[in-house]
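This is what each chain is made of:
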Amino acid sequence: MATEKLDVHPTRLELLRLKRRKALAEGIADILQKDLETLIVALIEHAKRAKAIRANLQESLSTAYSLFIESEMLSGTMKVSEVALSVKPIDFDIEVNSTVGVLGIKFPLFQLVKKEHVSIKPRFNLLDTPIQLAESASKSEKVLKFIVSLAELTAVIREMLEVIALKRRQINRIRYKIIPQLDFTIRYVELILEEIERQDAIRVRVLQRKRKERAVK
Amino acid sequence: MPRVAIENLKLIEIDDLINLIGKDLEVIRNALVDSPYSEQILAPSQDMLNSSFLEAALLANYAEIMQKIVNVSSGNIKKLLLSLSKKLEVSNVKTMLRAVKGHIDVDKAMKHIVPLGILDSNRCREIMEAARSVEDVIAALSDFEYGKVLNHAFNERGEDLKLLEVALDKAVYREILKTVEKLTGVDQKIAYNVIGIELDAINIKIILKGKELSVSSEIVKEYLMPTTFLNETILEKALMATDTQSMMKRLSMTVEWLHPVYKKIFTQMLAESNLPLSRLETLLDKAPLEMSLSVLREHSRYYNIAFILAFLNLRWAELKNLRCIIKGSERKSPPSQVRKLLTIPDEWQKLH
């Protein structure tokens, strides 16, 4: 890949400025690299937590499903579907807030909010429905909490992945574009300065020779 | 009675029933074609072969058998059987209430209607098509006894479907108990034992469920059915028990003086009181069946109501078992899970 030279005056002052800019760029790249490593460690921790929640979710869902099937076996598909459709649904909402996480990044915070107060009344007819149906419903309610936690964690992971990608792009830009460009420009300025020095030396020698010739005449 | 004895012979052998566990729905259907359910299974239908279709066929068969026995009975036994058939009629009323409340399509809800008694399919369809609310259903049923019961419950408790359903069940069981009182001699004793244990099992199940779901005892009381052997005081004490084990201990002492079947069931429940409630429910579900078989053995010298009640309970248990097996096959449930939910008499279990 051809590296583009910066549009600078090939002077000693500019060379010093370029060298300072290079040192600064290298420092920024190091800081960004450390941020990236911190983010990756945090990401791994979040991924582990997500895996654990997913396993809990799967277990609770399969238990709820198994209990639901048992209630269908005992009461019949028709009755369970009738009861399910006529029972008052649970009214809930999700409150979205934000919190400051690793490296000061804003992470989303989801909270399950039930709109109704906890009722002391049973949801299903105590006489007509098997206990499995109530147990399945209560397990499903617990599953909602896992789903919300998993959604929150997924949003956090997505946010982190975006920041990681951004940091990686910044590091790559510094390491593979800005620093080579500065190196190239420094080399260019150095070459120009060396060339000027050589020309000056030749000029001095020519002038000295001419001065000697004039003195001999 | 002899006709009931003939019907009794048509029950599916428990071994054959157990063999159906885990089988494909097509295999189960073919097995049912060679059973007393053939007429309903082979009836022309637009439905695909699924658990709902088979379940509807089983219920239709039960309703038909019930009607058949009612038709050949007479006197107070006929009255008792008519009141027992109201349990199915009430399930139709409940279906209508739920369908209207849950905005279920009328054609779909009609599949849940069991054709029996005064509330025939056409009448149910008319009510559901016209009704826009639970109140409309209650108004449409005002000509029937159920309408009055529902109206009273609605005015007292409002539009709480659960309490409306409970009011219906209470009314039906009160009527059943009244018809039992009209019977005389051994028939009355047998019927009271069989219906009594059924009601006691229901009440114990309600209390256990209420405790499990942390429902307040005042609310649980609203769900309790009319009492028989285990009266209000006993149930109140059971409600006050701190845990299932202490409740079972107290109840097993109370039932000492009752029929030996009570002792057997409650001893089993006490031994298994630390198991999930579903297991205790299965034991309680078995109680009426065990009592029917026990009274049948006690009074088998001549025909009496024990034959009819035992047959109806056996047939109902068979229907429930078949429903369980069918659903288990459709959902590909493990055979062990299906097996534990079956209502099988202890005698058969001891033999195997």
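Throughout, residues of each chain are indexed from 1 in the direction in which the sequence is written. Naming scheme: in the order in which they are written, chains are lettered from A and ligands are numbered from 1. Since the coordinates come from a predicted model, pLDDT governs what is reported: local features require at least 70, and pairs of side-chain atoms require 80 or more to be given and counted, while whole-chain, interface and lining totals use all residues. Where side-chain values are given, they derive from all heavy atoms of the structure, hydrogens and water being excluded.

**Comments concerning the overall build of chain A**
Logical step 1: When you go through chain A residue by residue, the secondary structure sums to 3 helices and 2 strands.
Logical step 2: A run of DSSP states H or I qualifies as a helix once it reaches four residues; a run of E qualifies as a strand once it reaches two. Both are numbered from the N-terminal end. Seen in sequence order, chain A has helices and strands lined up from the N terminus as α-α-β-β-α.
Logical step 3: Only C-alpha atoms enter the radius of gyration, while the globule expectation follows 2.2 Å times N to the 0.38, with N the number of residues. The C-alpha atoms of chain A give 36 Å as radius of gyration, which overshoots the globular expectation for 217 residues (17 Å, by more than 25%).
Logical step 4: Along the first, second and third principal axes, the C-alpha atoms of chain A reach 135 × 30 × 25 Å.
Logical step 5: Residues classed as buried in chain A amount to 34% of the 217 residues present. We call a residue buried when its accessible area falls under 20% of the maximum for its residue type, exposed when it is over 50%, and partly exposed in between, using a 1.4 Å probe and counting protein chains only.

**What about the overall build of chain B?**
Logical step 1: Tallying secondary structure elements over chain B gives 20 helices and 0 strands in all.
Logical step 2: C-alpha extents for chain B along the principal axes are approximately 50 × 50 × 45 Å.
Logical step 3: A separation threshold of at least 6 residues defines the contact pool for chain B, and within that pool the share at least 24 residues apart is 68%.
Logical step 4: Accessible surface computed for chain B: about 15,700 Å², of which carbon and sulfur atoms make up 52%.
Logical step 5: Positive and negative side-chain charges in chain B, numbering 47 and 47 respectively, have mean positions lying 3 Å apart. Residue contacts follow a heavy-atom distance rule, with two residues in contact if any of their heavy atoms lie within 4.5 Å. The method behind every accessible area is Shrake-Rupley, applied with a 1.4 Å probe, and residues are considered shielded solely by the protein chains displayed. Residues counted as positive are Lys and Arg, residues counted as negative are Asp and Glu, and His and the chain ends are not counted. Just so you know, the charge point we use is NZ for Lys, CZ for Arg, CG for Asp and CD for Glu.

**A short note on empty space enclosed by the protein**
Logical step 1: Site definitions follow a grid-based scheme: protein atoms alone, a 1 Å grid, a 1.4 Å probe that fits but cannot get out for cavities, and for pockets an open set with protein on both sides within 12 Å along at least five of seven lines, plus lining residues having an atom within 4 Å of a point. Grid points are joined across faces, edges and corners, and a volume is the space filled by probe spheres set on the points. The full count for this structure, using the stated rule, is 4 cavities of 30 Å³ or more.
Logical step 2: Space inside the largest cavity adds up to approximately 1,200 Å³.
Logical step 3: Along the walls of the largest cavity sit 47 residues, with Lys 79 and Asp 128 of chain A together with Tyr 173, Trp 316 and Lys 320 of chain B positioned nearest its centre.

**Notes on unusual backbone geometry**
Logical step 1: Non-glycine residue His 103 of chain B carries a positive phi angle of around 50°.
Logical step 2: Turning to its location among the elements, His 103 of chain B is positioned in the loop between helix H6 (75-101) and helix H7 (106-110).

**Structural notes on the nonpolar core**
Nonpolar side chains tend to gather and get buried jointly when the protein is soluble and globular.
Logical step 1: Think of a nonpolar core as a cluster: buried Ala, Val, Leu, Ile, Met, Phe, Trp, Tyr and Cys residues, connected wherever their side-chain atoms sit within 4.5 Å. Grouped together as the largest cluster of nonpolar side chains are 138 residues, with contacts concentrated most on Leu 32 and Ile 204 of chain B.
Logical step 2: Among the elements that line this core, the one with the most residues is helix H18 (residues 305-330) of chain B, at 15 residues.
Logical step 3: Beyond its immediate chain neighbours, meaning those up to four positions away, Leu 32 of chain B contacts Ile 12, Tyr 37, Ser 38, Ile 41, Leu 54, Leu 58, Leu 322 and Ile 326 of chain B.
Logical step 4: Ile 105, Ile 157, Val 163 and Ile 164 of chain A belong to the second-largest nonpolar core, a separate cluster that totals 31 residues.

**Digging into the pattern of salt bridges**
Logical step 1: By convention in these notes, a salt bridge is any Lys or Arg side-chain nitrogen within 4 Å of a carboxyl oxygen on Asp or Glu. All told, the structure shown has 40 salt bridges over all chains when counted by the stated rule.
Logical step 2: A salt bridge links Lys 19 of chain A to Glu 190 of chain A, with the shortest nitrogen-to-oxygen separation between them at 3.4 Å. With Lys 19 of chain A in helix H1 (residues 12-75) and Glu 190 of chain A in helix H3 (residues 131-216), this residue pair connects regions lying 171 residues apart in the sequence.
Logical step 3: For Lys 101 of chain B, the salt bridge identified is with Glu 159 of chain B, shortest N-O distance 3.1 Å. Residue Lys 101 of chain B is found in helix H6, and its partner Glu 159 of chain B is found in the loop between helix H10 (145-157) and helix H11 (161-182); the two are separated by 58 residues along the sequence.
Logical step 4: When its relative accessible area of 32% is taken as the criterion, Lys 101 of chain B is described as partly exposed.
Logical step 5: Judged by relative accessible area, which is 37%, Glu 159 of chain B ranks as partly exposed.
Logical step 6: Members of the salt-bridge network, linked through shared partners, are Lys 79, Glu 82 and Asp 128 of chain A together with Lys 94, Arg 98, Glu 165 and Asp 169 of chain B.

**Focus on the environment of Ser 121 of chain B**
All names here are of chain B.
Logical step 1: Within the secondary structure, Ser 121 is located in helix H8 (residues 121-130).
Logical step 2: Judged by its relative accessible area of 28%, Ser 121 falls in the partly exposed class.
Logical step 3: As for Ser 121 and Ser 217, which are separated by 96 residues in sequence, their C-alpha atoms are 39 Å apart.

**Some points on the confidence of the model for chain B**
Residues and elements named next belong to chain B.
Logical step 1: On average, residues of chain B carry a pLDDT of 87, and 96% of them reach 70 or more.
Logical step 2: Within chain B, helix H1 (residues 2-9) has the poorest average pLDDT of any element, 58, and H11 the best, 93.
Logical step 3: In the model output, the complex is listed with pTM 0.82 alongside ipTM 0.86. Each residue carries a pLDDT score, the predictor's own confidence in it, on a scale running from 0 to 100.

**So, the interface of chain A and chain B**
Logical step 1: Across the contact, 33 residues belong to chain A and 45 residues belong to chain B.
Logical step 2: Counting the surface lost from both chain A and chain B, the interface buries some 3,400 Å², and carbon and sulfur atoms represent 60% of this.
Logical step 3: On inspection of chain A and its partner chain B, the count reaches 6 salt bridges.
Logical step 4: Across the pair Lys 94 of chain B and Asp 128 of chain A runs a salt bridge whose closest N-O atoms are separated by 2.9 Å.
Logical step 5: Nitrogen and oxygen atoms within 3.5 Å of one another constitute a polar contact, given that in protein one can donate a hydrogen and the other can accept it, and given that sequence-neighbouring residues count only through two side-chain atoms. Applying the counting rule to chain A against chain B returns 20 residue pairs in polar contact (both at pLDDT 80 or more). Joining two parts hides part of their accessible area as seen by a 1.4 Å probe, and the buried area is that hidden amount summed over both.

**Description of a nonpolar patch on the surface**
Logical step 1: Together, Phe 92, Ile 94 and Val 96 of chain A line one region of the surface with nonpolar side chains, adding up to about 250 Å² of accessible area.
Logical step 2: Among the structural elements, Val 96 of chain A can be located in strand E1 (residues 92-100). Patches here are clusters of residues that have more than 30% relative accessible area and form no salt bridge, with a 9 Å joining cutoff for like charges and a 5 Å cutoff for nonpolar side chains (Val, Leu, Ile, Met, Phe, Trp, Tyr).

**A word on the pairing of E1 of chain A**
Residue and element names in this part refer to chain A.
Logical step 1: Between any two strands, at least two bridges found by DSSP are needed for them to pair. As defined by bridge partners, E1 adjoins strand E2 (residues 106-114) across 9 bridges and the pair is classed as antiparallel. Residue pairing in the sheet places Asn 97 in a bridge with Leu 109 of E2.
Logical step 2: Turn length for the E1-E2 hairpin, with the two strands adjacent in sequence and antiparallel, is 5 residues, and the turn residue Leu 103 shows positive phi of about 60°.

**Digging into the packing of aromatic side chains**
Logical step 1: Pairing of aromatic rings covers Phe, Tyr and Trp, the last counted by its six-membered ring, and requires centre-to-centre distances within 6.5 Å; plane angles under 30 degrees mean stacked, over 60 mean edge-to-face, and any other angle means tilted. Applying the stated criterion across every chain yields a total of 4 aromatic pairs over all chains.
Logical step 2: When the centroid spacing of 5.7 Å and the interplanar angle of 80° are considered together, the rings of Phe 229 of chain B and Tyr 262 of chain B count as edge-to-face. In this pair, Phe 229 of chain B is assigned in the loop between helix H13 (217-223) and helix H14 (232-240) and Tyr 262 of chain B in helix H16 (residues 260-271), connecting sequence segments 33 residues apart.
Logical step 3: Grouping aromatic residues by their ring pairs yields a cluster made of Tyr 192, Phe 229, Tyr 262 and Phe 266 of chain B.
Logical step 4: When the ring centre of Tyr 188 of chain A is taken as reference, the NZ or CZ atom of Lys 5 of chain A above it lies at 4.3 Å.
Logical step 5: Note on geometry: a ring has a charge over it if NZ (lysine) or CZ (arginine) is within 6 Å of the ring centre and within 35 degrees of the ring normal. Sitting above the plane of the Tyr 37 of chain B ring, Arg 315 of chain B keeps its charged end 4.9 Å from the centroid.

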